[in-house]
Every structure is written in C-alpha cells, then in structure tokens.
Amino acid sequence: MNTTTGSYALVGSVVGRDAGVVEKLWKVWAVILGKASLSEWYSFGALGKIPNGWCPRGGQAQNPYVASGDPCGSSSGSAISVAANMVSVSLGSETHGSILCPSDYNPVVGFKPTVGLTSRAGVIPISSRQDTIGPIARTVSDAVYLLDEIVGFDSRDSEATSEAAKFIPDGGYKQFLNKDGIRGKRLGVVRHPFLDYLNRSIVSTFGSHLDILRARGATIVDDLEIANIDIISDPARSGELMLMLAEFKSSINEYLKELAISPEKLQEYGQHTFIESEKTSGIGEKETKAVEYLEKLSQDGFEKLMTDYKLDALVAPGISLSMTVLAIGGYPGITVPAGYHSNGMPSGICFGGLKGTEPKLIELAFAFEQATRLRKPPFSESFDITGDFLFGTV
C-alpha cells in the first residue's frame, strides 16, 4: 500500500519499512484492512483552499451522518471509517486538530497523545514539534486499548519518544478506565474565544454537560482566561505558520530522499502553501525566535492557567481548544461524542491537559461517556447502499 497523503505525487513510491506504530500493531497481531482517505497533504499543500476530506486519489469524503456536512480533516477517512462501522479502530495523525476535529464531526472518540508518546517514524511529516499519532474509535475503551499498543520508544524517532517515555505509566493506560473518574477533578472552562461564535443551542448543551460533570463530583472553574489567547489563536500572529513552513520543507525533504516521485496532478486547488514553504531556508534565527515565542505563549498561557488554578484539564465544546492551544504546545486532548445539532450534525466535548496527563483525560472521557452514552450509529433509516455512497463520485 502506497503512502501518499492522498496525492498522486507519491503514487508508486516505495518506503524502506513500515511506520513505527504499524510495526507495533503487527507485533500484537492487528488486522490492518487498509489506508484511509484524508485531506490531500493534510490540507497543507494549499491551506484554506483544499476542502476538508478531499484528495485526488479518493475524491470527496462524506460525513456518514449528514452527507452534505463537513467531515473535517485532515484524518477524515480515519474517523469516517470508524463512525460508519467499517472498522473497529483506526489511526490518525495530528499537527493542528487533524485527529480531534474529524472525530468531533463524525462523531467518534479521538485521542491526540502528548507529542512523542507515539512514534512518527514512517509518517509523512509537517512539524516535529507538533506531529503526533493517535487512536480513533467508537468508544473510549477501544481508543485506550489501541493507545496502549502504540506508545513507547522508537529508535527512528528517538529524541521525541525517549523524552515522552517518562509519561507512560506502569501497567499501561487501561487501568484508568474508571467510571468514577470525574470525581474530585478540577476542570477549567475558558469561554473566550472558545464559545464566542457558537450558537445558543450548543452553548446551552455545553452548560448541561457541565452540570453532568458537577453532579459526578467535578469542580468547575468557569470564566477563565488564557493569556494572549488571541495571539495563540492566530497562527500568523503567533509565528506558528511561518515556523511550520520552514519545518515542513526540511522534514519532507528528509522523508523524500529515497522515494521515487511520480508527477502530481494538482487539479484546481493548487499548491500555494508548498510554494511558500519552498521559499524558506531551514531553521534560522527567525525560526528559532518563533519556537521560543510559541513556547513562551504556552508557558505563560495554558500552562500557567493550569498550574495557578490547580486544574486537571480544560473542557470545551467542539474543536476550539484543540485547534491552537493543544497544537502549539504538543499537549494531549481527547474528544467524546456529546450530542447532535438540529440538522443531525454531530458535536463533541473535548478535554485537554498538560503533557503526560493522559491518565486524567482517560478517566474524564470514559466517565463522561459512560454517564451520557450520547453516540448513536449513523444509519437510523434504511436506504440503498450504492457505490457512490460508499466511495463518493470521483
């Protein structure tokens, strides 16, 4: 199976060996059915232009709940295949919301681990600071069982996996599947900007979810503020985008060194982000300062908030927390199905924490899931299953 990020550019390419997480799955006799579709080049080839879930190899991915709905991305196929009961579990990669967002929209459990907890070796990269590989499943327990099998040191991603190995608990993560896991937790709520643009029904539903968390023993610390959140939420102002352009050029060139590349058919969406990336010259003084600035934003913002208020996690509706705060700092997050809009589109709730706090996030997510059981299968009405429905029109 070719590794192509949905692009014709890499069709026919040959890799030296399986990805690190795949090798771990083979060792436990996992049955791997195939590769899922995704947003071409993680949407990074032409940011803002490539539709979520579209790639030339697979066409437009469809949300199994609302055919015209956004499937989100970039790990669209990974979430859709689980949501539509085609597979039990899948893996996705995330740099900036690419596990948590499609999991929220489709609605399944998506787990973004602390950067380095899982190996990125053999996975087409964007940013070594932010890239991470995580499980997608229909239940928290399935996601956690999969996580247990893919974490750990990998010599091909030695710096990140050796640093994060200290976070892996003795006995693994399954021990934290605790139905009473909400009790005693301190949860922070940041309303600006995460709730600013949500409609009233979503905000009201989130309020009900907070009541459920309180009823099960959580302390909710509401109306908190993350320092410089408006800068953190803007990749251009924070320097995240500029840095990712430079990181992508160097990391993708390393990945491609021994691959035979076939011509790419770009179609109508172009490659303007690739062109901007090609103009960069590696990690120089400007990029180093950007790294330091992003680290300071995380330390003075999210980390300080968590420490000052002695929080176990932040909780937010939808994907707003995952798209910037968790991304730039390499922090973990998990999204759990939390309801449906009036048009049938799903929505989730996201718990995010400091590096290495996966045990707390698992307890929260599992206990919330067991208390609410809000996920339902997508096919509530019978209809004819056609090739166009399963695979789209290419």
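All figures in this text were calculated on a predicted structure; none of them were measured in a lab.

> Can you help me understand the pattern of salt bridges in this one?
Pairs can form between side chains of opposite charge whenever their charged atoms are close. All told, the structure shown has 17 salt bridges when counted by the stated rule. Residue Glu23 pairs with Arg17 through a salt bridge whose shortest N-O separation is 2.9 Å. Overall, Arg17 belongs to the partly exposed group, its relative accessible area being 45%. Glu278 is the partner of Lys249 in a salt bridge, and the nearest nitrogen-oxygen pair spans 3.9 Å. With Lys249 in helix α9 (residues 240-256) and Glu278 in helix α10 (residues 272-278), this pair connects stretches of sequence that are 29 residues apart. Judged by its relative accessible area of 19%, Lys249 falls in the buried class. Among the residues examined, Glu278 registers a relative accessible area of 52% and is labelled exposed. Within the structure, one salt-bridge network assembled from shared partners comprises Arg17, Glu23 and Arg156.

> Help me out: how do you make sense of the sheet that holds strand β10 (residues 346-352) in this one?
In sheet architecture, strand pairing relies on hydrogen bonds along the backbone and comes in two forms, parallel and antiparallel. With mixed pairing, eight strands are arranged side by side in an open sheet as β3-β5-β4-β9-β10-β8-β6-β7. Taken across any chain shown, the strands that pair with only one partner, and hence form the sheet edges, are β3 (89-94) and β7 (219-224). Taking the axes of each pair of neighbouring strands and ignoring which way they run, one obtains an average angle of 25° across the sheet. Strand contacts of helix α4 (residues 140-150): β3, β4 (109-112), β5 (132-137) and β9 (333-340), with the helix running at about 145° to β5, the strand carrying the most contacts.

> How should the state of the cysteines be read in this particular structure?
In a disulfide, the sulfur atoms of two cysteines are covalently bonded to one another. The full count for this structure, using the stated rule, is one disulfide. With its sulfur 1.7 Å from that of its partner, Cys72 forms a disulfide with Cys101. Looking along the S-S bond of the Cys72-Cys101 disulfide, the torsion reads about 95°, which is the right-handed sense. Separated by 29 residues along the polypeptide, Cys72 in the loop between β2 (59-60) and α2 (76-83) and Cys101 in helix α3 (residues 100-105) bring together distant segments of the chain. In this structure, Cys72 and Cys101 share a single accessibility class: buried.

Conventions and cut-offs
- Residues numbered from 1 in each chain as written.
- Predicted model: local features only at pLDDT ≥ 70, side-chain atom pairs only at ≥ 80, totals over all residues.
- Heavy atoms only, no water.
- Salt bridge = Lys/Arg side-chain N within 4 Å of Asp/Glu carboxyl O.
- Buried < 20%, exposed > 50% of the residue type's maximum accessible area, 1.4 Å probe, protein only.
- Helix = DSSP H or I, 4+ residues; strand = E, 2+ residues; numbered from the N terminus.
- Pairing = 2+ DSSP bridges.
- Axes fitted to C-alpha atoms, helices over the stretch in contact; angles between N-to-C directions.
- Contact = heavy atoms within 4.5 Å.
- Disulfide = S-S within 2.5 Å.

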